Amino acid sequence: QVQLVESGGGLVQAGDSLRLSCAASGRTFSSGAMAWFRQAPGKEREFVALIRSTGLNTYYADYTDSVKGRFSISRDNAKNALYLQMNSLKPEDTAVYYCAAREYSGKYYRETDFDYWGLGTQVTVSS
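Residues numbered from 1 in each chain as written. Predicted model: local features only at pLDDT ≥ 70, side-chain atom pairs only at ≥ 80, totals over all residues. Heavy atoms only, no water.

(A) Representation of the pattern of salt bridges. Scanning the model with the defined rule gives 7 salt bridges in all. The partner of Arg 38 in a salt bridge is Glu 46, and the shortest N-O contact between them spans 2.7 Å. Residue classification places Arg 38 among the buried positions, given a relative accessible area of 4%. For Arg 38, the salt bridge identified is with Asp 93, shortest N-O distance 2.9 Å. Linking Arg 38 in strand 4 (residues 33-39) with Asp 93 in the loop between strand 8 (81-86) and strand 9 (95-102), this pair joins segments that are 55 residues apart in sequence. (Salt bridge = Lys/Arg side-chain N within 4 Å of Asp/Glu carboxyl O. Buried < 20%, exposed > 50% of the residue type's maximum accessible area, 1.4 Å probe, protein only. Helix = DSSP H or I, 4+ residues; strand = E, 2+ residues; numbered from the N terminus.)

This is the structure in structure tokens:
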């Protein structure tokens with residue numbers, strides 16, 4: 001069975017940092033694409049960050065404009081894990097954060113592009 005499990009969420013103040021983790025099991029995504037999405041109360045789920053394989057053991061990262069310069073996505077293939085380092089957090093970042101994955105790489109930014117999902121981890125940023 002393929003499972004994605006997020007962790008690292010919590011309650012922080014504006015300006016603080018958090019590091020989210022996503023542990024994948026049941027399948028290797030080293031040659032595929034993994035992403036973070038988030039959903040705030042009353043809002044649609046939105047794309048946050050993507051990291052995808054470009055071959056030759058290289059990866060490309062992309063971010064939504066609102067988090068560029070503050071968030072950094074990375075992965076550890078040996079652990080089959082995905083991370084999201086979030087710095088300078090803002091109240092607008094408050095949301096449930098979800099890990100998503102595809103076995104094959106590509107430029108994917110929509111929910112329907114991803115085959116596997118975690119259940120999410122809550123991030124709350126107070127003013």
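(B) Up close: the packing of aromatic side chains. Enumeration over the complete set of coordinates arrives at 7 aromatic pairs. Between Phe 47 and Tyr 109 the ring centres are 5.1 Å apart and the planes differ by 90 degrees, which places this aromatic pair in the edge-to-face class. Remark: Tyr 109 occurs in the loop between strand 9 and strand 10 (116-117) and Phe 47 occurs in strand 5 (residues 46-55); sequence separation between them is 62 residues. Ring centres 6.2 Å apart and planes at 75 degrees place the aromatic pair Tyr 108 and Phe 114 in the edge-to-face group. Residue Phe 114 is classed as buried on the basis of its relative accessible area, which comes to 5%. Clustering of aromatic rings is evident, with ring pairs tying together Phe 37, Phe 47, Tyr 108, Tyr 109, Phe 114 and Trp 117. Taking the ring centre of Tyr 98 as reference, the NZ or CZ of Arg 45 above it sits at 3.7 Å. Sitting above the plane of the Trp 117 ring, Arg 45 keeps its charged end 5.2 Å from the centroid. (Phe/Tyr/Trp six-rings, centres within 6.5 Å; stacked < 30°, edge-to-face > 60°. Lys NZ or Arg CZ within 6 Å of the ring centre and 35° of its normal.)

(C) Representation of the state of the cysteines within the structure. Overall, the coordinates contain 1 disulfide when judged by the stated rule. What pairs with Cys 22 in a disulfide is Cys 99, and their sulfur atoms sit 2.1 Å apart. The disulfide joining Cys 22 to Cys 99 has a torsion of about -75 degrees about its S-S bond and is therefore left-handed. Within this pair, whereas Cys 22 is found in strand 3 (residues 18-25), its partner Cys 99 is found in strand 9, the two being separated by 77 residues in sequence. Take Cys 22 and Cys 99: they sit in the same class, and that class is buried. (Disulfide = S-S within 2.5 Å.)

(D) Molecular detail of the sheet that holds strand 3. An order of 1-3-8-7 is seen for the 4 strands of this open sheet, with the pairing classed as antiparallel. Each edge of the sheet is formed by a strand with only one pairing partner; in this case those strands are strand 1 (3-7) and strand 7 (71-76). With strand direction ignored, the average angle separating the axes of adjacent strands in the sheet is 15 degrees. Here strand 1 runs beside strand 3; their pairing, made up of 5 bridges, is antiparallel. In the strand pairing of strand 3, Gln 3 is matched with Ser 25. (Pairing = 2+ DSSP bridges. Axes fitted to C-alpha atoms, helices over the stretch in contact; angles between N-to-C directions.)

(E) Representation of the side chain of Arg 75. Tracing the backbone through its elements, the reader meets Arg 75 in strand 7. Buried charged residue Arg 75 carries no salt bridge. Nearest counter-charge: Asp 76, at 7.7 Å. Of note is the side chain of Arg 75, whose polar atom sits 3.2 Å from the backbone oxygen of Phe 29. A polar atom in the side chain of Arg 75 sits 2.5 Å from the side chain of Asn 77. Dropping the residues within four chain positions of it, Arg 75 is found in contact with Phe 29, Ser 30, Met 34, Ile 51, Tyr 59, Asn 80, Ala 81, Leu 82 and Tyr 83. (Lys, Arg positive; Asp, Glu negative; His and termini not counted. Polar contact = N/O pair within 3.5 Å; in protein donor to acceptor, adjacent residues only side chain to side chain. Contact = heavy atoms within 4.5 Å.)

The analysis is restricted to geometry; functional conclusions fall outside its scope.
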